[in-house]
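Structure assessment
Each chain, written out:
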Amino acid sequence: MAFVGKKFPDLKVNAMNEMGDTFTINVLEEAKKNNKKVLLFWYPKDFTFVCPTELHAFQADLAEFEKRNTIVIGASCDTPEVHFAWLSTSKDNGGIEGVTYPILADSNRNLASTLGILDITNETYNEETGIVTVEGDNVTYRATYIIDEEGTVVHESINHMPLGRNVKEYLRLIDAYTHVQEKGEVCPANWEEGKDAMQANAKGTAEYLKAHLN
């Protein structure tokens, strides 16, 4: 189910921070009450391989997201305790020590299931035993959401497990959407901050193509 153009699900989820505090976060309310955008990224598992590179990459650009009035939140289906163990593990040992943004611990999978981002390829119900079995790891793909100040999803994307994300692309997307909000223009292919945008009409398209694609 696609959520672009819709409100992000109104659900509370346990979370962990670098201090070892367990608390709850409602992503929708975080955006609305703080009047900020939210960048929410999901990864499959703690203590794995591509995942720590992504968490450190988002941390490295955290100040850039903050300049853009954007909250960064990580998420997986691990428990808060496992998150804290990983947060307490050094980079030299494959850990994420130094990450300061909150990490959702959606261990009951309520939010991940609602978003439809779990790695479940098949689900089987045995009528004789009443047992439901699934194929797949039942952990999340690398899903990413940008949510605006009203709680509306303006971007979502999903990578398969081996494919790490480009953090700079999410900064570009936030810049583009902020430009749309502030200027009322739309952003063409490969737009970056400082480049020309365009009016959302036939004349605007023609003028942009004439100026940039000839």
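Here, every reference points to the structure presented above.
In this report, the structure presented in the accompanying data block is examined. This structure is a prediction, so every number in the text was calculated from the model and none was measured. (Residues numbered from 1 in each chain as written. Predicted model: local features only at pLDDT ≥ 70, side-chain atom pairs only at ≥ 80, totals over all residues. Heavy atoms only, no water.)

**Examining the side chain of His 83**
With respect to the helices, strands and loops of the structure, His 83 is situated in helix H4 (residues 80-87). For His 83, a relative accessible area of 0% translates into the label buried. If we skip the residues at most four places from it in the chain, His 83 touches Met 16, Tyr 43, Asp 46, Ser 76, Asp 78, Ile 103, Leu 104 and Ala 105. (Helix = DSSP H or I, 4+ residues; strand = E, 2+ residues; numbered from the N terminus. Buried < 20%, exposed > 50% of the residue type's maximum accessible area, 1.4 Å probe, protein only. Contact = heavy atoms within 4.5 Å.)

**Quick word on the environment of Pro 162**
Among the secondary structure elements, Pro 162 is positioned in the loop between strand E9 (153-159) and helix H6 (167-183). For Pro 162, a relative accessible area of 58% translates into the label exposed. For the pair Pro 162 and Asn 14, spaced 148 residues apart in sequence, the C-alpha to C-alpha distance is 26 Å.

**Section: H4**
Every buried residue of H4 is accounted for by Pro 80, His 83, Trp 86 and Leu 87. Buried residues along H4 cover an arc of 120° about the axis, so they all sit on one side. The elements touched by buried residues of H4 are strand E1 (12-16), strand E2 (22-26), helix H2 (50-60), strand E4 (70-76) and strand E5 (103-105). (Arc of directions from axis to C-beta.)

**A closer look at the nonpolar core**
Core analysis: the largest hydrophobic core is formed by 24 residues, its most contacted members being Phe 8, Val 27, Leu 40, Trp 42, Leu 104, Tyr 145 and Ile 147. Not counting residues up to four positions away in its chain, the partners in contact with Leu 40 are Phe 8, Val 27, Ile 73, Gly 74, Ala 75, Leu 104, Ala 143, Thr 144, Tyr 145 and Ile 147. Formed by 21 residues, the second largest nonpolar core is a distinct cluster that contains Tyr 43, Phe 58, Val 99 and Ile 103. (Core = buried A, V, L, I, M, F, W, Y, C linked by side-chain atoms within 4.5 Å.)

Honestly, it's all geometry; don't read function into it.
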